[in-house]
Amino acid sequence: MVAASILADEIRSLLDQGQTEAARRALPEGFGRSEALADPEIGAVIVRLLRSFGYNGCAERLTSALRAKFPDSRLVESRWIRDQLGIGRYDEVVRWLQSTRDGEGWPESELDELWSTRFDLHLTFRDFFKAERALDRAEAAGAPAHQIVGDRLALLCAQDEYASALELAESALERFPDYSRVAHFHAWLLFQLNREQEALEAFAAAGERFDVFGLWAAYATALGDTHREADAVQALERMLEQNPSCGRRQRRWIHVQLAVTAARIGDLDRAREHAPHGGEYAAKMLESLERYDRPVQRLEVPFQIQSHLTCAPASAAAILGYFDQEIDHSEIAAQITYDGTHDSD
């Protein structure tokens, strides 16, 4: 369908440019589930649009419906297998990786989608050798240049190769100034390399151009991590204003951060305003503060940037730093963990 292909291209381009609200508004009036299921290409891009607003459950259900209606669509298949990874069906993912190892059965025109998908899966499994090989094959198959650059940045960051990633991001900004993913990586990498002021300026500049939730979330987090809580509150409140279509999970995250950040600077009225919308954690945090009859006191614990899954070692290094015991958190990680600290630890 030519019309569907044109619409899909428009929405895809807007999402790449970080214009999520504009992408939503590009949908024709009355566009709904039946329209999304009319064509695999438009359906796949609607899945991406839903995920950008945090509607992951809706995206998964739409993907399943698309797979049932278009069982031979390789584009739908690639979206479906990403969903299997997201919900933890690793056996299914491994079987798919084994069956698509050589690209057998995939038309040449869709091989870029195959190798890009395999790259995402291998990167998630932290198999960097296979991820890089899949990325090279995606590039050879004609995957978009801006996508390849974004994926190379993701690969370098996953390997903690921040200096090399920053060099690539700076050159990519000149080539793809409207690609929000590169701008996000650039600001984040500056922060990882302890160039705090430059990072915050880069986040602010990117935030003025792109309404991407993840970018603004990283900016607000960086402000809070550098004890600029008042600025973080402003950024978070702006997120609520400029993301009217975001999903419940994203809005709850914003309310939690607002409640916690406001409480850290003693603004309990603002914390009370947002805590009820932030779920159980925010409610319990506020309840404990209400029982505490002394003003909030912030200790000047030095900020410690973590690497991949090293939250516990980084926290330990920060606490030791408060007591004038300087130690690299990677040394702690090497002693107490293997490949970092997993979320459940």
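What counts and how
Residues numbered from 1 in each chain as written. Predicted model: local features only at pLDDT ≥ 70, side-chain atom pairs only at ≥ 80, totals over all residues. Heavy atoms only, no water. Core = buried A, V, L, I, M, F, W, Y, C linked by side-chain atoms within 4.5 Å. Buried < 20%, exposed > 50% of the residue type's maximum accessible area, 1.4 Å probe, protein only. Contact = heavy atoms within 4.5 Å. Helix = DSSP H or I, 4+ residues; strand = E, 2+ residues; numbered from the N terminus. Expected span 1.5 Å × (residues − 1). pLDDT = per-residue confidence, 0-100. Lys, Arg positive; Asp, Glu negative; His and termini not counted. Salt bridge = Lys/Arg side-chain N within 4 Å of Asp/Glu carboxyl O. Polar contact = N/O pair within 3.5 Å; in protein donor to acceptor, adjacent residues only side chain to side chain. Phe/Tyr/Trp six-rings, centres within 6.5 Å; stacked < 30°, edge-to-face > 60°. Lys NZ or Arg CZ within 6 Å of the ring centre and 35° of its normal.

Draft legend 1. Spatial organisation of the nonpolar core. In this structure, Leu123, Leu153 and Leu189 are the most contacted members of the largest nonpolar core, which totals 63 residues. Leave out the neighbours within four places in its chain, and Leu153 touches Ala165, Leu168, Ala169, Val182, Phe185 and Leu189. One finds Ala26, Ile46, Leu62 and Ala65 within the second-largest nonpolar core, a separate group that totals 22 residues.

Draft legend 2. How the structure looks around helix 8 (residues 111-124). Taking 1.5 Å as the rise per residue, helix 8 with 14 residues should run 20 Å; its terminal C-alpha atoms sit 20 Å apart, in good agreement. Judged by how many residues are buried, helix 8 sits mostly within the fold: 11 of 14 residues are covered. For helix 8, the complete set of buried residues consists of Asp112, Glu113, Leu114, Trp115, Ser116, Thr117, Arg118, Phe119, Leu121, His122 and Leu123. On the buried face of helix 8, the contacting elements are helix 6 (74-86), helix 7 (90-99), helix 9 (128-140) and helix 10 (145-158). Positive phi appears at Arg126, one or two residues downstream of helix 8, with a value of about 60 degrees.

Draft legend 3. Highlighting the confidence of the model for the protein chain. Averaged over the protein chain, the pLDDT score is 87; the fraction of residues at 70 or greater is 94%. Ranking the helices and strands of the protein chain by mean pLDDT puts helix 9 first, with 96, and helix 20 (residues 329-336) last, with 76.

Draft legend 4. Structural detail: the side chain of Asp39. Within the fold, Asp39 resides in the loop between helix 3 (33-36) and helix 4 (40-52). Nearest to the buried, unbridged Asp39 among oppositely charged side chains is Arg12, at 8.0 Å. At a separation of 2.9 Å, a polar atom in the side chain of Asp39 contacts the main-chain amide nitrogen of Glu41.

Draft legend 5. Structural context of the packing of aromatic side chains. Going through the model one piece at a time under the given rule, you end up with 6 aromatic pairs. Aromatic pair Trp96 and Trp106: ring centres 6.4 Å apart, planes at 80 degrees, arrangement edge-to-face. On the criterion of sequence distance, the pair formed by Trp96 in helix 7 and Trp106 in the loop between helix 7 and helix 8 is long-range, its members being 10 residues apart. When its relative accessible area of 7% is taken as the criterion, Trp96 is described as buried. In this structure Trp106 comes out as buried when scored by relative accessible area, which is 7%. Members of the aromatic cluster, joined through ring pairs, are Phe203, Trp216 and Tyr219. A cation over an aromatic ring shows up here: Arg67 above the ring of Trp80, its NZ or CZ 3.9 Å from the ring centre.

Draft legend 6. Region of the structure containing unusual backbone geometry. Residues other than glycine seldom take positive phi values, yet Arg126 does so here, at roughly 60 degrees. Locating Arg126 in the fold gives a position in the loop between helix 8 and helix 9. Even without glycine at this site, His227 takes up a positive phi of about 60 degrees. In this structure, His227 sits in the loop between helix 14 (213-225) and helix 15 (229-242).

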